[in-house]
Amino acid sequence: MWLSVLLLGAFLLSGPVRGSDGSASTAITCFTRGLDLRKGTEDVLCPANCPLWQFYVFGDGVYASLSSVCGAAIHSGVITNTGGAVKVQTLPGQESYPAVNANGIQSQVLSRWASSFSVTAGAKNAALEAVGRSVSTARPSTGKRPKKTLDKKAGNKDCKADIAFLIDGSYNIGQRRFNLQKNFVGKVAVMLGIGTEGPHVGVVQASEHPKIEFYLKNFTATKEVLFAIKELGFRGGNSNTGKALKYTAQKFFSLENGARKGIPKIIVVFLDGWPSDDLEEAGIVAREFGVNVFIVSVAKPTTEELGMVQDIGFVDKAVCRNNGFFSYQMPTWFGTTKYVKPLVQKLCSHEQMLCSKTCYNSVNIGFLIDGSSSIGEINFRLMLEFVSNVAKAFEISDIGSKVAAVQFTYNQRKEFGFTDHVTKEKVLSAIHNIQYMSGGTATGDAISFTTRTVFGPVKDGPNKNFLIVLTDGQSYDDVTGPAAAAKKAGITVFSVGVAWAPLDDLKEMASEPRESHTFFTREFTGLEQMVPDIIRGICKDYLDSKQ
Ligand SMILES: *[C@@H]1O[C@H](CO)[C@@H](O)[C@H](O)[C@H]1NC(C)=O
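Residues numbered from 1 in each chain as written. Predicted model: local features only at pLDDT ≥ 70, side-chain atom pairs only at ≥ 80, totals over all residues. Heavy atoms only, no water.

Caption draft 1: A look at the side chain of serine 239. Mapped onto the fold, serine 239 is located in the loop between α5 (222–230) and α6 (241–251). Among the residues examined, serine 239 registers a relative accessible area of 4% and is labelled buried. In contact with serine 239, other than residues within four places in its own chain, are Asp168, Ser170, Asn172, Ser207, Leu271, Trp274, Pro275, Ser276 and Asp277. (Helix = DSSP H or I, 4+ residues; strand = E, 2+ residues; numbered from the N terminus. Buried < 20%, exposed > 50% of the residue type's maximum accessible area, 1.4 Å probe, protein only. Contact = heavy atoms within 4.5 Å.)

Written as structure tokens, this is what we have:
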């Protein structure tokens, strides 16, 4: 991908050179990133009133290209949050980008990124002219080259989303209104601007049992999607929306089935009346999978009908943020045309997709591994196996989750830090290569060491921090003080004890509630069974911290 960006950049630079008098400014959004722009230099125009707390900015002065351009401009003091013109200069990638708090924006640490940019004040004269224009038409025409030709095949590039329409196929809606629903979904699909580089959609039908009608990868042109929607047959049955939502969250968005990395996942649930089952568990699963759930309720229950609804709060239980944004109401299936555009605008609001961050892609997990003599080489391998199996569940990347490991006896050895390996493959291989130390057990010192040297550098980053202490015996030093300090530093501690590890120490180290953060097994072979519980525990803490 980087290669193609470079080639494209080279191609563009070889074209006619644009005037450097600032007459050409592209209006960008709050969330346009450096890598969304062309290579070289570009004059852009930032809008006013961007939501500062949602900016992703990596670095200081020189910013990683996945940073928000307007965020970087405010961070560096080039503009304030009233918007303005900015000149963006593309720069080579850096080994590391520091975190600095400036002008109301906390930038984040990042290591090794393929390209960077810097920002300076841009030409002001074009600013007023360009304000209010849409992104796709913003570059004033000089007669030489239009900025973007409408590429039908590529679709609407400003609306990147992977969307599942979960349509209602229950007896509630009936055959006749089912057809009106198809009509509406078709209109939404047309307005979205489906295309290879724009939104992708698929359809799942909820009834007694859910059925995936087609996946994201099946069609990438509006015409094909419309045809497929037209062909959908009504299934009938109870309105088991919860079951269908859970199924869709789990099965629909796999990479094999066409989901794209780094693009918001959305399920639009159409619901005539109310569900016959419960939405709460489905909502939790969808949140864990980072799916933004929209509930479009049509003909919602009347006052007389409320008695029949299992759970009146079903909408709030299903959505990940109960802020009104993720629910949408239409009074009936008749005359729905005017409801198309507002719904499409919601689905295309990239910056509002708050549910895209999950326990899988937004945590740092540090493993503190006991390497004392009592364990022995074979059991030590079982411990590493456990570490691998936990790490495997997470989406490890530069912008995702990260893993670090420290081995301890009386001494501590940092095996690798959070930014040393940022792919799952490299992390798993680094775990595999850890050599058994053998020695005594000073767990308290090891916790202090890990808090300071491993978590210290990432403590201001975006991820939630977890420490998993893995030990087989009594510590020679005090664990209470160091564990309390780790927790005070915002680290959630899980303790995992094997064989002779005293339960009191394990509980003392663990975060509250201690019962759910303390694990024990008599045998090293029992570690494997704990893996799902640990992962579940991390996800639960992550979700609780976001409520
Ligand atoms: C979608 O793609 C899958 C796999 O390529 C295929 O099995 C399925 O029949 C396709 N569905 C439709 C509706 O074309």
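So, next bit.
Caption draft 2: Quick look at the sheet that holds strand β13 (residues 211–214). Within the open sheet, the six strands sit side by side as β13-β12-β11-β14-β15-β16. Their pairing is mixed. Each edge of the open sheet is held by one strand with a lone partner, namely β13 and β16 (327–330). Each strand axis lies, on average, 20° off the axis of its neighbour in the sheet, ignoring direction. (Pairing = 2+ DSSP bridges. Axes fitted to C-alpha atoms, helices over the stretch in contact; angles between N-to-C directions.)

Caption draft 3: The packing of aromatic side chains, seen in detail. Counted by the stated rule, this structure contains 20 aromatic pairs. When the centroid spacing of 6.4 Å and the interplanar angle of 40° are considered together, the rings of phenylalanine 270 and tryptophan 333 count as tilted. A residue pair is termed long-range when its members are at least 10 positions apart, and phenylalanine 270 in strand β14 (residues 265–272) and tryptophan 333 in the loop between β16 and α9 (340–347) qualify at 63 residues. What makes tryptophan 333 buried here is its relative accessible area of 3%. Centre to centre, the rings of phenylalanine 325 and phenylalanine 326 are 5.1 Å apart; their planes meet at 90°, and the pair counts as edge-to-face. Taken individually, phenylalanine 325 and phenylalanine 326 each receive the classification buried, so the pair is uniform in this respect. An aromatic cluster is present here, built from Phe165, Phe184, Phe270 and Trp333 joined pairwise through their rings. If you follow lysine 346 out to its NZ or CZ, it ends over the ring of phenylalanine 325, 4.9 Å from the centre. Seen from the ring of phenylalanine 466, lysine 464 lies directly overhead, with NZ or CZ sitting 5.5 Å from the centre. (Phe/Tyr/Trp six-rings, centres within 6.5 Å; stacked < 30°, edge-to-face > 60°. Lys NZ or Arg CZ within 6 Å of the ring centre and 35° of its normal.)

Caption draft 4: Layout of α5. Those residues of α5 that sit buried are Thr222, Val225, Ala228 and Ile229. Angularly, the buried residues of α5 cover 125° about the axis, an arc narrow enough to put them on a single face. Residues of α5 that are exposed and angled more than 90 degrees away from the buried face: Lys223, Phe227 and Lys230. Close packing links the buried residues of α5 with α4 (174–192), β12 (200–206) and β13. (Arc of directions from axis to C-beta.)

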